[in-house]
Amino acid sequence: MSGALDRPHRAPLRRIGPTLGRDPLLTGLIALIAATALGLLALQPAPYLINMVGQLAAFAILAVSLDLVWGYLGILSLGHGLFFAIGGYVCAMHLLAHGYALTGVAPDLMQFMGWKSLPAYWTGLTSAPYALALALALAAGVAFLFGLASFRSRVNGVYFSIISQALVYVAMLLMFRNDTGLGGNNGMTGFALLFGWPMGAPGVVTGLAVTTLGVLAGVLVGARALVASPVGRRMLACRDDEARLRTLGYGTTRLKLGIWCLSAMIAALAGVLYVPQVGIINPRILSPDLSIEIAVWVAIGGMGRLGGAVIGAVAVNALKFWLSAAMPEAWPFILSGLVLVVVLGLPNGLLDLAALRWTPTWLRRGGPLA
Amino acid sequence: MSALVIDNLHVVFGAFRALDALSLAVDSGEVRAVIGPNGAGKTTLLDAITGITRPRSGRILLGDTYDLTACSEAEIARAGVRRKFQKPSVFPALTVRENLAIGCGPECPARTRPARLASTLSETGLEARADTLAGALAHGEKQWLEIGMVLASEPRLILLDEPVAGLSDAETASTADLIGALRRPDRAILVIEHDMAFVEAVADRVTVLHEGRTLFEGSMTGARADARVIEVFLGR
Ligand SMILES: Nc1ncnc2c1ncn2[C@@H]1O[C@H](COP(=O)(O)OP(=O)(O)OP(=O)(O)O)[C@@H](O)[C@H]1O
Ligand SMILES: [Mg+2]
């Protein structure tokens, strides 16, 4: 189809600041993350605060995973909650299996399901490294199958977004069923131990938050190296004109599939870190709203700049934490309002505010006498 | 030896025959112009050669033997076919140098890339703009950058769709010089253009396309004298 190639380009995408290579914003952000981790260790604030920082960091990892495919590759997933949930569910299974193995107290889930012992597919989940590997492999596997089917048949743009949303919805319906065997409606909770330590102990809470911050910093450093590499340039090229990139000899299916699977694994990692901090997982993590919200975080922060995703995830979720205590029913309206402000006024998200140097029009024209 | 053989090619869109039993052979070392009125099927021909549009029937051979008809876009490009699109198609978020680096192709060895980039930058006169974002270039510079992206991989078949559209007379003249300099015995160049003076300056032979069929093939002088060509195209 010549149509795809002969259509006019989008307005030249501004590369605000050096997005590839050196990026002072990102460097500053990584320093801030390190400082926060040190602050938590040194000052030992209230556990609920530490816990909140840890959860925000997990959301930031999730946002970065989406920014990699959306901001840099032009693939808008409205189903990233699926990969987040895969990480979360596998982690929950590990925590239950681990607690059961050490304490001998059967988790509620077993009574609820009427099991005498954990079924065969839980085998090995007492081991944390195995659980982590399983979470990443499952996320990558599901992403691979879905990506292969979509990218090979050249499902793109809004069609891909809709199908990804359908996928997460189907997964939610599946997990709501009790006979899926993962807690159904109730999900899984009552995690007793983490690496043998009582879950609520202050050291465990701080350890989880600091680990999550560390993983966030690591993911940012790795993602920056990726987007600054020749592969990163191909990602931008693919985002702006995939057909053109193919006619230059590049098989874009492989590129998209690789980055898509990587993104799914990062999202799963975020889920693994999130669940022990929030203490519960249930099918609502797979609700389409959450998956859409992830895209909203990235859009609000500024897509195509890794730092923007972090800022968006932290800003929106901090606001949500605060509001869901103060006035929960207002949240949907505030979120929609934020989206409108960004869509209408700040095409590059909150990062536009930083780049803004507002000068009144009459001054810019040289004053009324000019 | 032929660089490109098009054999009885049919491309249809619904009931519309965009290319109708088209046959065409371009020799190595030749610069061939394809001209014809709007909608004649010139761009569709390039779409078929580059794998963007699948022909209903017929064959497309590269260098007498290599069958491109069933290949993917990327495979065709890796076989040594590069194309400049009718609308300048550069990557706006990348710099000129990064665009050219992608133009070198996935198989270009890292050792030879810097030399290729340097020579392509000087051939296209874009050295001073090497670190500018392609999205910020002027129209003429984009056309030249896209030609540079085509050259950077040292292709054996170059397809140029209206390379001087929207260029000034001076830019058109230097583009004609550039195409002259690209001639090599082991390379064929196929140019689509509406600018007849430009075609006369660069092409060895012309093919006149009309409603998906070949109306005339031969020298530009011959085309100017051909009654049917005058009627459907040149005479208007
Ligand atoms: N994807 C498509 N679907 C339907 N019709 C198409 C498609 N692509 C091209 N056509 C039609 O095929 C015909 C040939 O188009 P083509 O773009 O090849 O013309 P052209 O010779 O390049 O003309 P121009 O000089 O205006 O660029 C036109 O009538 C066009 O409308
Ligand atoms: Mg055309």
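Owing to the predicted nature of the structure, the values given are computational and were not obtained by experimental measurement.

Peer 1: Just to check I follow, could you spell out the interface of chain B and chain A for this structure?
Peer 2: Interface size, as often reported, equals the accessible area lost upon joining of the parts. Across the boundary between the two partners, chain B contributes 33 residues, which contact 25 residues of chain A. Among the residues of chain B in contact with chain A, Glu73(B), Phe91(B) and Ile102(B) are the three that bury the most area, contributing 22% of the side total. Counting the contacts that link chain B with chain A gives 4 salt bridges. For Arg154(A), the salt bridge is made with Glu73(B), and the minimal N-O distance between the two is 3.0 Å.

Peer 1: Teacher, can you tell me more about helix H13 (residues 306-326) of chain A here?
Peer 2: An α-helix turns once per 3.6 residues; consequently, residues spaced three or four apart project the same way. With 21 residues, H13(A) should cover 30 Å at 1.5 Å per step; its first-to-last C-alpha distance of 31 Å lies within 8% of that length. Taken residue by residue, H13(A) has Leu306(A), Gly307(A), Gly308(A), Ala309(A), Val310(A), Gly312(A), Ala313(A), Val316(A), Asn317(A) and Leu323(A) as its buried positions.

Peer 1: When you look at the side chain of Gln55(A) in this model, what are you seeing that I'm missing?
Peer 2: Residue and element names in this part refer to chain A. Here glutamine 55 is to be found in helix H3 (residues 47-70). Given a relative accessible area of 8%, glutamine 55 falls into the buried group. Setting aside residues no more than four positions away along its own chain, glutamine 55 makes contact with Tyr274, Gln277, Val278 and Phe321.

Peer 1: Mind showing me how you'd approach the packing of helix H4 (residues 81-103) of chain A against helix H7 (residues 157-176) of chain A here?
Peer 2: The relative placement of two packed helices is expressed as an angle between their axes plus a distance between the axes. All names here are of chain A. Running from N to C, H4 and H7 cross one another at 35°; their axes reach a closest spacing of 9 Å. In this structure, H4 contributes Gly81, Leu82 and Tyr89 to the contact, and H7 contributes Leu167, Val168, Ala171 and Met175. Residues that form the contact of H4 with H7 fall into these classes: 6 nonpolar, 1 polar and no charged.

Peer 1: Mind showing me how you'd approach H4(A) here?
Peer 2: Residues and elements named next belong to chain A. The first and last C-alpha atoms of H4 sit 32 Å apart over 23 residues, in line with the 33 Å expected at 1.5 Å per residue. In terms of burial, H4 is a largely internal element, 19 of the 23 residues being buried. Trailing H4 by a residue or two, glycine 104 shows a phi angle of about 75°, which is positive.

Peer 1: Looking at this model, I keep getting lost on a nonpolar patch on the surface. Mind explaining?
Peer 2: Residues Val158(A), Tyr159(A) and Ile162(A) make up a contiguous nonpolar surface patch of about 360 Å² in total accessible area. Looking at the secondary structure, you find Ile162(A) in helix H7.

Peer 1: What exactly am I supposed to notice about the site of ligand 1 here?
Peer 2: Residues and elements named next belong to chain B. Contacts to ligand 1 come from 14 residues, most closely from Asn38, Lys42, Thr43, Thr44 and His194. Between ligand 1 and glutamine 86 there is a distance of 3.0 Å, counted from an oxygen atom to a side-chain nitrogen or oxygen. Between ligand 1 and histidine 194, the relevant distance is 2.9 Å, taken from an oxygen atom to a side-chain nitrogen or oxygen of the residue. For ligand 1, whose accessible area on its own is 640 Å², the fraction buried by protein is 68%. For the shell around ligand 1, the elements supplying multiple residues, two or more each, are strand S2 (16-27) and helix H1 (42-49). With 3 residues, the single largest contributor to the shell around ligand 1 is H1. Each residue belonging to the shell around ligand 1 can be placed in one class, and the counts come to 4 nonpolar, 8 polar and 2 charged.

Procedures and definitions
Residues numbered from 1 in each chain as written. Chains lettered and ligands numbered in written order. Predicted model: local features only at pLDDT ≥ 70, side-chain atom pairs only at ≥ 80, totals over all residues. Heavy atoms only, no water. Contact = heavy atoms within 4.5 Å. Buried area = accessible area lost by both parts, 1.4 Å probe. Salt bridge = Lys/Arg side-chain N within 4 Å of Asp/Glu carboxyl O. Helix = DSSP H or I, 4+ residues; strand = E, 2+ residues; numbered from the N terminus. Expected span 1.5 Å × (residues − 1). Buried < 20%, exposed > 50% of the residue type's maximum accessible area, 1.4 Å probe, protein only. Axes fitted to C-alpha atoms, helices over the stretch in contact; angles between N-to-C directions. Nonpolar A, V, L, I, M, F, W, Y, C, P; charged D, E, K, R; others polar. Patch = residues over 30% accessible without salt bridge, like charges linked within 9 Å, V, L, I, M, F, W, Y side chains within 5 Å. Areas by Shrake-Rupley, 256 points an atom, 1.4 Å probe, with all protein chains shown as cover. Near = heavy atom within 4 Å. Polar contact = N/O pair within 3.5 Å; in protein donor to acceptor, adjacent residues only side chain to side chain.

Read these as geometric descriptors, not functional statements.
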